[in-house]
Amino acid sequence: MSVVVHRLRDVRRARYAVAAVFAVHGSVTGSFATRVPWVQDHAGVSAGQLGLALAFPALGASLAMPLAGRVSHRFGARTALRGLLALWTLSLVLPSLAPNLPTLCLALFVYGAASGVSDVAMNALGVDVETRLDKSIMSGLHGMWSAGALIGSAAGTLAAHLGADARLHHALAALVLTAAGLVACRWVLDLQPAEDEDPPPRFALPPRSAVLIGAVGFCAVFAEGASLDWSAVYLRDRLDTSAGLAAACTTGFTLTMAVSRFAGDRLVDRFGAVRSVRVSGVLAVLGGLLVVLGGHPAVAMTGFALLGLGIAVVVPLCFAAAGRSGGNPSLAIAGVATITYTSGLIAPSAIGGLAEATSLVVSFGLVTVLACGLVVFAGVLRAGDRRVKVSRPDAAVPGRRS
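Every value quoted in this text rests on a predicted model; they were computed, and no experiment measured them. Residue positions within a chain follow its written sequence, with the count starting from 1. Confidence filtering applies because this is a predicted model: local features only for residues at pLDDT of at least 70, side-chain atom pairs given and counted only at 80 or more, and all residues used for totals across whole chains, interfaces and linings. Hydrogens and water are ignored here; the side-chain numbers use all heavy atoms of the structure.

**A few points about the nonpolar core**
Part 1: Residues belong to one nonpolar core when they are buried, are Ala, Val, Leu, Ile, Met, Phe, Trp, Tyr or Cys, and are joined through side-chain atoms within 4.5 Å. Residue exposure (1.4 Å probe, protein chains only): buried if accessible area is under 20% of the type maximum, exposed if over 50%, otherwise partly exposed. In terms of nonpolar packing, the biggest core is built from 109 residues, with Tyr-234, Phe-364 and Leu-374 touching the most fellow members.
Part 2: If one sorts the elements of this core by residue count, helix H8 (residues 101-133) sits on top with 16 residues.
Part 3: Ignoring anything within four residues of it in the chain, the contact list for Leu-374 reads Val-216, Cys-219, Ala-220, Val-277, Arg-278, Gly-281, Ala-284, Gly-310, Ile-311 and Val-314. The secondary structure listing takes helices from DSSP runs of H or I that are at least 4 residues long and strands from runs of E that are at least 2 residues long, numbered from the N terminus. Residue contacts are counted whenever heavy atoms from the two residues lie within 4.5 Å of one another.

Here is the structure:
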């Protein structure tokens with residue numbers, strides 16, 4: 001009995017450790033995002049060249065993500081996460097060192113690859129802890145990522161306001177975040193592959209189940225990318241608001257997403273993943289309709305807030321469902337992550353291109369149609385409902401041992 005209590009305590013401690021890992025991961029993103037103008041000036045690139053360079057993180061992540069399962073199998077989950085997270089935090093220094101466009105593209109490719117493999121590793125561990133606790137935690141973990149991004153961006157904003165050199169800022173941030181990540185990783189579960197488990201392939205197409213789950217994530221991330229990058233422009237150009245009010249719209253969208261993620265686990269535990277996503281989809285569709293049909297800034301801002309509420313829990317539940325959809329959680333999670341990264345990459349440019357050809361109203365009409373996909377296809381996330389109950393707190397995920 002004492003062994004079971006001890007292991008339950010370890011699992012609970014691992015939950016907070018993984019949450020800290022998510023916050024560290026998000027802090028790197030926030031730290032970089034606020035210094036992009038400095039990086040652009042230092043590299044001497046135009047706006048168009050910067051747009052090209054900023055496509056390389058998603059490219060690097062998409063190519064590297066399938067390797068995460070192989071690394072975890074070779075070294076064990078804890079050691080793999082420790083190394084991959086450190087690679088990610090230290091890669092923060094690379095973009096600010098780039099003196100020109102080719103080196104900036106290369107730096108951002110490595111930066112994105114490190115982000116992708118550590119992202120898969122930490123989500124796989126999050127799914128494992130969630131399964132052992134038999135309660136939803138993935139939405140809250142992604143909420144911690146958002147909180148970390150907010151902290152990183154706040155520190156970056158302060159550094160920019162003080163006129164600090166981004167090379168110094170990012171070097172200090174990388175050291176602090178690397179240390180924080182290494183400390184947090186001490187308490188994550190040290191999962192090891194079963195003795196008869198074959199190593200995953202270095203590169204493999206995602207399983208069909210991951211493609212279907214990823215399609216749901218694609219719809220949510222497309223709406224997220226469109227809203228983050230274009231909500232302020234929509235209010236300014238379409239509804240003729242001030243720049244301050246337009247910026248407040250984007251802030252409101254971000255805040256509703258963060259609040260919804262922190263509250264999402266309790267709702268998912270009560271109503272299940274499928275029902276939660278369907279209700280979320282209805283909210284997102286309603287929000288899209290308010291954006292498209294509302295002719296007043298307050299109506300459009302309410303619409304964007306509802307979009308944020310509606311899509312916030314979808315991606316965490318996609319990762320949770322992927323991690324339970326088959327015998328190779330890392331491969332399935334990598335497949336879903338690749339699809340969602342691709343959506344985030346193409347959404348801003350797709351919205352802009354469609355707006356150029358037609359109007360922003362038509363662009364967000366497309367967002368609304370994709371939000372309908374959350375309602376229609378939510379059933380593919382049934383694996384995230386944890387239909388099989390975990391009978392013991394120390395029960396292992398099939399094919400894994402700790």
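**What about the pattern of salt bridges?**
Part 1: We define a salt bridge as a contact between a side-chain nitrogen of Lys or Arg and a carboxyl oxygen of Asp or Glu at a distance within 4 Å. For the coordinates displayed, the defined rule picks out 5 salt bridges.
Part 2: Residue Asp-10 pairs with Arg-13 through a salt bridge whose shortest N-O separation is 3.2 Å. Taken together, the residues Asp-10 and Arg-13, both in helix H1 (residues 2-33) and 3 residues apart, mark about one turn of the helix.
Part 3: On the basis of relative accessible area, Arg-13 is assigned to the partly exposed category, the value being 42%.
Part 4: Close ionic contact of Asp-165 with Arg-167 constitutes a salt bridge, the shortest N to O distance being 2.7 Å.

**What about a nonpolar patch on the surface?**
Part 1: Like-charged residues within 9 Å of one another, or nonpolar side chains (Val, Leu, Ile, Met, Phe, Trp, Tyr) within 5 Å, are grouped into patches, provided each residue has over 30% relative accessible area and no salt bridge. Each accessible area is a Shrake-Rupley estimate made with a 1.4 Å probe; only the visible protein chains count as cover when residues are assessed. A cluster of nonpolar side chains, Leu-94, Leu-97, Leu-106 and Val-110, forms an exposed patch at the surface whose accessible area comes to about 340 Å².
Part 2: Taken together, the elements giving at least two residues each to the nonpolar patch come down to helix H7 (93-97) and H8.
Part 3: Tracing the backbone shows Leu-106 in helix H8.

**Quick notes on the environment of Arg-186**
Part 1: Structurally, Arg-186 can be placed in the loop between helix H10 (166-185) and strand E1 (192-193).
Part 2: Each C-alpha atom, one on Arg-186 and one on Arg-78, is 7.6 Å from the other, the two residues being 108 residues apart in sequence.
Part 3: Setting aside residues no more than four positions away along its own chain, Arg-186 makes contact with Arg-78 and Arg-82.

**Brief notes about helix H16 (residues 329-357)**
Part 1: Its 29 residues place the ends of H16 41 Å apart at the C-alpha level, agreeing with the 42 Å of an ideal helix rising 1.5 Å per residue.
Part 2: The largest bend in H16 comes to about 35°, at Ile-346, with the proline Pro-348 one to four residues further on. To estimate how far a helix should reach, multiply one less than its number of residues by 1.5 Å. Throughout, the bend at a residue refers to the angle made by two axes, fitted to the seven residues ending there and to the seven starting there.

**Digging into the packing of aromatic side chains**
Part 1: Pairing of aromatic rings covers Phe, Tyr and the six-membered ring of Trp, with a centre-to-centre limit of 6.5 Å; geometry is then stacked below 30 degrees between planes, edge-to-face above 60, and tilted otherwise. Across all of its chains, the model carries 6 aromatic pairs by this definition.
Part 2: Aromatic side chains Phe-304 and Phe-364 sit 5.4 Å apart centroid to centroid with 85° between the ring planes, which places their arrangement in the edge-to-face category. Taken together, the residues Phe-304 in helix H14 (residues 297-311) and Phe-364 in helix H17 (residues 360-376) connect sequence positions 60 residues apart.
Part 3: On the basis of relative accessibility, which here comes to 1%, the residue Phe-364 falls in the buried class.
Part 4: An aromatic cluster is built from Phe-32, Trp-88 and Tyr-111, whose rings are joined through pairwise contacts.
Part 5: Placement of a positive charge over a ring is assigned whenever Lys NZ or Arg CZ falls within 6 Å of the ring centre and within 35 degrees of the normal to the ring plane. Over the ring of Phe-75 we find Arg-74; its NZ or CZ atom is 4.9 Å from the centre of that ring.

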